Amino acid sequence: MIDETAPPRVDSEVGPLRAVLLHRPGNELKRLTPRNNDQLLFDSIPWVDRAQAEHDAFAEVLRNRGVEVLLLADALRTALDDDRAHAAGVHAAVDDRRLGGDLADSLRSHLSGVDAAGLAEVLMAGMTFEELPSAEGASLVRMMNHPHDFAVDPLPNLLFTRDSSVWIADRVAISSLTMPARRRETAVLDLIYAYHPQFRHAARAYGAHSAPIEGGDVMLLAPGVLAIGVGERTTAAGAESLARSVFADGIAHTVLAVPIEQSRATMHLDTVCTMVDADAVVMYPLARDSLTAFTLRPTGDGGVKVAGPAPFLVAAAEAMEIDRLRVIDTGLDPVTAEREQWDDGNNTLALAPGVVVGYERNVETNERLEAAGIEVLPIAGSELGSGRGGPRCMSCPVRRDPL
């Protein structure tokens, strides 16, 4: 369990990592079938037992480096022990528009009587019409749905804890997730941050009902400096809204809005670029010269001034007040770079300056990192990567030491 005496705070991407929120794959992944995996944002159907073993090994690498690991399922069950959280969880699980009034009331009544562990399982793994409690009377909704259709959708993408929330200084931003398959994740994170003892008093930097923004697009380049990718998942309105929020809270002085290609391969900024040292990034070569950035700064009277666009690497170095950002390319040639970018070679998790976790399969990228003086802790990810996410996607840092 995370030390509750140490308040959450994250000021950078590479400060020594002390505590992190992970989600061990569970029964929600067993809900994936060839019929629904595209809708649920997975490129293939993972072997769940192997995915769990790979995730356990990932968590152990972190623990061996002194990182405290809080598992999302444990945190959710703890939060749901609070009666107020339990009632909110029932409300989050039941959708009247999908089930109709009578069936929704019946499910609400049933879930109100289950314990915290049972409700947590429904919130994460969902519930099929076949699994609904038996009810008197006829329900057209029930009769017209296949028994294996979902009355409560599963959340297989909970695995990627970076996307659903992100800590900025001592505040947490709850993401406003774009894809329908992920939107209910925010309710789960809301419950944890509102009712878990570790987070109960944490202030919010952003809310789930604001303009779309996802944590995989938010990068803390340096204390007070954020980069926000704008593409498939995060909108320009979301980037501007978060910028205004962090300026108003005094937890950032510069935000770089970075347009990225709207495609599956580059769904978030952290699929093309992550920080591996205080002055270094690993980056997809095709993005090195094409990435640009708009620079947002507060005007001092509550407004925001926008400059640019300028080359991302130039704008980032200026905002970070360094001469330049060192860039380590993914792969050794264009074909390998494209393959290893797709396999999350850019999606590394920094445990400290110059120490990162990366998928072992990205051999050439890892060799380039090592040659540049970056220690790479390799992990297996043949099953974990089936939802398109690497070590950074699978981790939400809760506490880092200052640089």
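Computed from a predicted model, the values in this text were never measured in an experiment.

A short note on the nonpolar core
- Counting 68 residues, the largest nonpolar core has Leu76, Leu80, Tyr193 and Val246 as its most contacted members.
- Counting contributing residues, this core receives three or more from each of domain 1 (37-71 + 156-400) and domain 2 (74-152).
- Each residue touching leucine 76, except ones within four places of it in the same chain, is listed here: Ala120, Leu123, Met124, Val188, Leu191 and Ile192.

Re the pairing of strand 11 (residues 273-277)
- Across the 5 residues of strand 11, 5 count as buried, placing the element largely inside the fold.
- Relative to strand 12 (residues 280-283), strand 11 runs antiparallel, the two being bridged by 4 bridges. The residue bridging cysteine 273 from the neighbouring strand is methionine 283, located in strand 12.
- The antiparallel pairing of strand 11 with strand 12 creates a hairpin that spans 2 residues between the two strands.

Examining the UniProt feature "active site" (unreviewed entry) in the protein
- Look at the UniProt record and you will see "active site" (unreviewed entry) annotated at Cys393.
- By the secondary structure assignment, cysteine 393 is in the loop between strand 18 (375-379) and strand 19 (396-400).
- In this structure cysteine 393 comes out as buried when scored by relative accessible area, which is 2%.
- Setting aside its immediate chain neighbours within four residues, cysteine 393 contacts Leu159, Phe160, Thr161, Arg162, Asp270 and Asn347.

Let's talk about the sheet that holds strand 12
- Reading across from one edge, 11-12-15 is the order of the 3 strands in this open sheet, with mixed pairing throughout. Looking along the sheet, the strands with just one partner apiece sit at the ends: strand 11 and strand 15 (326-329). Strand-to-strand twist in this sheet, taken as the mean axis angle between neighbours without regard to direction, amounts to 30 degrees.

Some thoughts on the confidence of the model for the protein
- On average, residues of the protein carry a pLDDT of 87, and 90% of them reach 70 or more.
- Mean pLDDT across the secondary structure elements of the protein bottoms out at helix 13 (residues 334-342), with 51, and peaks at strand 1 (residues 17-22), with 97.

What to know about the sheet that holds strand 13 (residues 292-298)
- If you walk across this open sheet you meet the 5 strands as 8-9-10-13-14, and the pairing is mixed. Of all the strands in the sheet, the pair left with one neighbour each is strand 8 (218-222) and strand 14 (304-311). Each strand axis lies, on average, 25 degrees off the axis of its neighbour in the sheet, ignoring direction.
- As defined by bridge partners, strand 10 (residues 254-259) adjoins strand 13 across 3 bridges and the pair is classed as antiparallel. Directly across from alanine 257, in strand 13, lies its bridge partner phenylalanine 294.
- Strands in contact with helix 12 (residues 312-320) are strand 8, strand 9 (225-230), strand 10, strand 13 and strand 14; relative to strand 13, the strand with the most contacts, it is inclined by about 30 degrees.

Things to note about the pairing of strand 5 (residues 165-168)
- Where burial is concerned, the two faces of strand 5 agree: the one with Ser165 and Trp167 and the one with Val166 and Ile168 are both buried.
- In this sheet, strand 6 (residues 171-174) lies alongside strand 5 in antiparallel orientation, the contact comprising 4 bridges. Looking at strand 6, one finds that isoleucine 168 is bridged to arginine 171.
- Joining the antiparallel neighbours strand 5 and strand 6 is a turn of 2 residues, in which alanine 169 adopts a positive phi near 60 degrees.

Overview of helix 1 (residues 48-64)
- Relative to the 24 Å expected for 17 residues at 1.5 Å per residue, helix 1 spans 24 Å between its end C-alpha atoms, a close match to the ideal helical length.
- For helix 1, the full list of buried residues reads Val48, Ala51, Gln52, Glu54, His55, Phe58, Ala59 and Leu62. Buried positions in helix 1, seen along its axis, are confined to an arc of 165 degrees and lie on one side of it.
- Considering only its buried residues, helix 1 is in contact with strand 1, strand 2 (68-71), strand 16 (349-352), strand 17 (355-359) and strand 18.
- Looking one or two residues past helix 1, glycine 66 carries a phi angle of roughly 85 degrees, positive in sign.

Observations concerning the side chain of glutamate 383
- Here glutamate 383 lies in the loop between strand 18 and strand 19.
- At 5.9 Å, arginine 50 is the nearest oppositely charged side chain to glutamate 383, a buried residue that forms no salt bridge.
- Within the structure, glutamate 383 has its side chain in polar contact with the backbone nitrogen of tryptophan 47 (distance 2.7 Å).
- In this view, glutamate 383 contacts Ile45, Pro46, Trp47, Arg50, Ala51 and Glu54; residues no more than four positions away in its chain are not counted.

A short note on the packing of helix 3 (residues 83-93) against helix 5 (residues 101-112)
- Remark: helix 3 packs on helix 5, axes separated minimally by 10 Å, with the N-to-C direction vectors making an angle of 150 degrees. Crossing geometry of helix 3 relative to helix 5 is assigned as right-handed. Only Arg108, Leu111 and Ser112 of helix 5 make contact with helix 3, whose side of the interface consists of His86, Val90 and Ala93.
- For the contact of helix 3 with helix 5, the per-class residue count stands at 3 nonpolar, 2 polar and 1 charged.

How each quantity is defined
Residues numbered from 1 in each chain as written. Predicted model: local features only at pLDDT ≥ 70, side-chain atom pairs only at ≥ 80, totals over all residues. Heavy atoms only, no water. Core = buried A, V, L, I, M, F, W, Y, C linked by side-chain atoms within 4.5 Å. Buried < 20%, exposed > 50% of the residue type's maximum accessible area, 1.4 Å probe, protein only. Domains from an automatic or database assignment. Contact = heavy atoms within 4.5 Å. Helix = DSSP H or I, 4+ residues; strand = E, 2+ residues; numbered from the N terminus. Pairing = 2+ DSSP bridges. UniProt positions renumbered as here; feature names shortened; annotations may be inferred. Axes fitted to C-alpha atoms, helices over the stretch in contact; angles between N-to-C directions. pLDDT = per-residue confidence, 0-100. Expected span 1.5 Å × (residues − 1). Arc of directions from axis to C-beta. Lys, Arg positive; Asp, Glu negative; His and termini not counted. Salt bridge = Lys/Arg side-chain N within 4 Å of Asp/Glu carboxyl O. Polar contact = N/O pair within 3.5 Å; in protein donor to acceptor, adjacent residues only side chain to side chain. Left-handed = near helix turned anticlockwise from the far one by under 90°. Nonpolar A, V, L, I, M, F, W, Y, C, P; charged D, E, K, R; others polar.

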